[in-house]
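As a plain string of letters, each chain reads:
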Amino acid sequence: MTSSPNPLDMTRRQVFGSVAEIYDAARPGYPDVLVSAVLDYAALGDRPALEAGAGTGKATVPFAAALNGPLTCVEPDARMAEVLRRNTAAHPNVRIEVSSFEDWQPGDTRFGLLFAATSWHWIDPARRWDLAHDVLAPGGTVALFWNPLGISDPDLHAALAEVDQRHGLTHTPHAVLASAFGDTPGHWPDMLGHWPAVDCAKDARFTDLRSLRFREEAHYETADYLAYLSSLSMYAALPADHRTQALTDTATVLNTHGTGAPVERIHDLFLTRRH
């Protein structure tokens with residue numbers, strides 16, 4: 001999403017396997033309207049699709065169900081890939097490759113769609129657009145999407161932000177009040193860096209850039225919200241005792257302010273085509 005590493009430490013992409021089951025249980029999926037928007041734009045037919053950084057299959061499963069052709073999933077962590085295999089067992093069109101996207105080789109296959117669900121920022125920013133261009137057939141689609149969330153209640157947000165500050169946590173969901181997201185797709189104050197359209201607009205190899213946003217309100221019970229936080233890299237990377245204390249303090253705030261966390265979930269989608 002940026003021509004330089006985003007605010008997240010790139011080495012933290014290696015921590016997700018340690019929380020693979022929590023990730024699978026606690027992370028939200030992606031709405032049908034987003035999947036439909038990608039496939040309508042791609043007009044893929046039976047051409048093959050490719051997913052970079054598939055994780056445990058939060059996006060893989062709805063795409064696999066909707067696709068007419070094969071889907072290759074590249075996932076760097078074997079522990080995440082094991083859960084992905086379980087989740088896609090009912091979809092024979094899915095093939096899983098355990099590799100970083102940077103090291104993976106497509107062979108002679110060129111794809112009609114490359115998508116990345118909350119993973120593009122973990123791919124080497126100096127190489128990812130070259131890699132995307134190389135794996136796509138002419139006219140092939142790149143679809144990049146994320147689902148950040150923000151706390152809806154200002155008082156609760158401020159209290160949670162204070163906990164984060166005390167524990168040295170940055171770029172958490174408490175960095176941004178839900179209302180601060182505004183109405184512009186990719187506007188994420190203090191979150192994951194700038195929107196991929198910034199890079200792509202300067203790259204003549206890609207055309208027909210589009211940005212879309214879908215929103216939904218949600219409510220997490222305290223235990224569910226703590227599990228969600230536990231699946232995020234900034235929490236998973238903490239030493240166990242530090243993570244436990246940070247989550248305990250977060251639970252105290254949530255329970256003091258009521259029951260759980262009212263949030264607004266943002267689903268932002270970027271689309272472009274290879275010339």
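Reading guide: rules and limits
- Residues numbered from 1 in each chain as written.
- Predicted model: local features only at pLDDT ≥ 70, side-chain atom pairs only at ≥ 80, totals over all residues.
- Heavy atoms only, no water.
- Helix = DSSP H or I, 4+ residues; strand = E, 2+ residues; numbered from the N terminus.
- Expected span 1.5 Å × (residues − 1).
- Buried < 20%, exposed > 50% of the residue type's maximum accessible area, 1.4 Å probe, protein only.
- Contact = heavy atoms within 4.5 Å.
- 1 Å grid on protein atoms, 1.4 Å probe; cavity = no way out; pocket = protein on both sides within 12 Å on 5 of 7 lines; lining within 4 Å.
- Points joined across faces, edges and corners; volume = space filled by probe spheres on them.
- Nonpolar A, V, L, I, M, F, W, Y, C, P; charged D, E, K, R; others polar.
- Salt bridge = Lys/Arg side-chain N within 4 Å of Asp/Glu carboxyl O.
- Polar contact = N/O pair within 3.5 Å; in protein donor to acceptor, adjacent residues only side chain to side chain.
- Core = buried A, V, L, I, M, F, W, Y, C linked by side-chain atoms within 4.5 Å.
- Axes fitted to C-alpha atoms, helices over the stretch in contact; angles between N-to-C directions.
- Parallel < 35°, antiparallel > 145°, perpendicular 65-115°, else oblique.
- Left-handed = near helix turned anticlockwise from the far one by under 90°.

### Topic: helix α10 (residues 240–257)
Between the first and last C-alpha of α10 there are 26 Å, a value that for 18 residues agrees with the 26 Å anticipated at 1.5 Å per step. If you check which residues of α10 are buried, you get A246, L247, D249, T250, A251, V253 and L254. Each element contacted by the buried residues of α10 is listed here: α6 (154–166), α8 (222–230), α9 (233–236) and β8 (261–274). Following α10 by one or two positions, G258 has its phi on the positive side, about 145°.

### Quick word on empty space enclosed by the protein
The full count for this structure, using the stated rule, is one cavity of 30 Å³ or more. The space that makes up the largest cavity amounts to roughly 630 Å³. Taken together, the residues of the lining of the largest cavity break down into 22 nonpolar, twelve polar and seven charged.

### Here we look at the pattern of salt bridges
On inspection of all chains with the given rule, the structure shows 15 salt bridges. Measuring nitrogen to oxygen at the nearest pair gives 3.5 Å for the salt bridge that ties D183 to R215. Here R215 lies in strand β7 (residues 206–220) and D183 lies in the loop between α6 and α7 (197–200), a separation of 32 residues in the sequence. Under the relative-accessibility criterion, R215 is labelled partly exposed at 36%. Among the ionic contacts, a cluster of salt bridges with common partners joins E21, D24 and R86.

### What to know about the side chain of H121
Position of H121 among the secondary structure elements: in the loop between β4 (111–117) and α5 (128–135). Only 2.9 Å separates the side chain of H121 from the side chain of W146, close enough to count as a polar contact.

### What about unusual backbone geometry?
Trans is the prevailing form of peptide bonds, just as negative phi is the prevailing case for residues other than glycine. Not every positive phi belongs to a glycine, and A43 is a case in point at roughly 45°. Tracing the sequence through the fold places A43 in the loop between α2 (32–42) and β1 (49–52). Of note in the backbone geometry, D208 takes a positive phi value of approximately 55° without being a glycine. Since its relative accessible area comes to 29%, D208 is described here as partly exposed.

### So, the nonpolar core
V38, F63, L71, L113, F115, F145 and L269 are the most contacted members of the largest nonpolar core, which has 29 residues in total. Listed by contribution, the elements that provide at least two residues to this core are α2, α3 (60–66), β2 (71–75), α4 (78–87), β3 (94–98), β4, β5 (136–146) and β8. Ranked by the residues each element gives to this core, the list is headed by α2, at seven residues. The contact partners of V38, leaving out residues within four places of it in the chain, are F63, L113, A143, L269 and L271.

### Digging into the environment of L226
Mapped onto the fold, L226 is located in helix α8. Here the alpha-carbon distance between L226 and A251, two residues 25 residues apart in the chain, equals 7.3 Å. Leave out the neighbours within four places in its chain, and L226 touches L247, T250 and A251.

### Topic: the packing of α6 against α10
At a minimum axis distance of 10 Å, the contact between α6 and α10 shows a crossing angle of 165°. As the angle between them shows, α6 and α10 are arranged roughly antiparallel. For the crossing formed where α6 meets α10, the hand is right-handed. Together, D155, L156, A159, L160, V163 and R166 of α6 and A246, D249, T250, V253, L254 and H257 of α10 make up the contact between the two elements. Split by residue class, the contact of α6 with α10 holds seven nonpolar, two polar and three charged.

In short, the description is geometric, and any link to function would need to be established separately.
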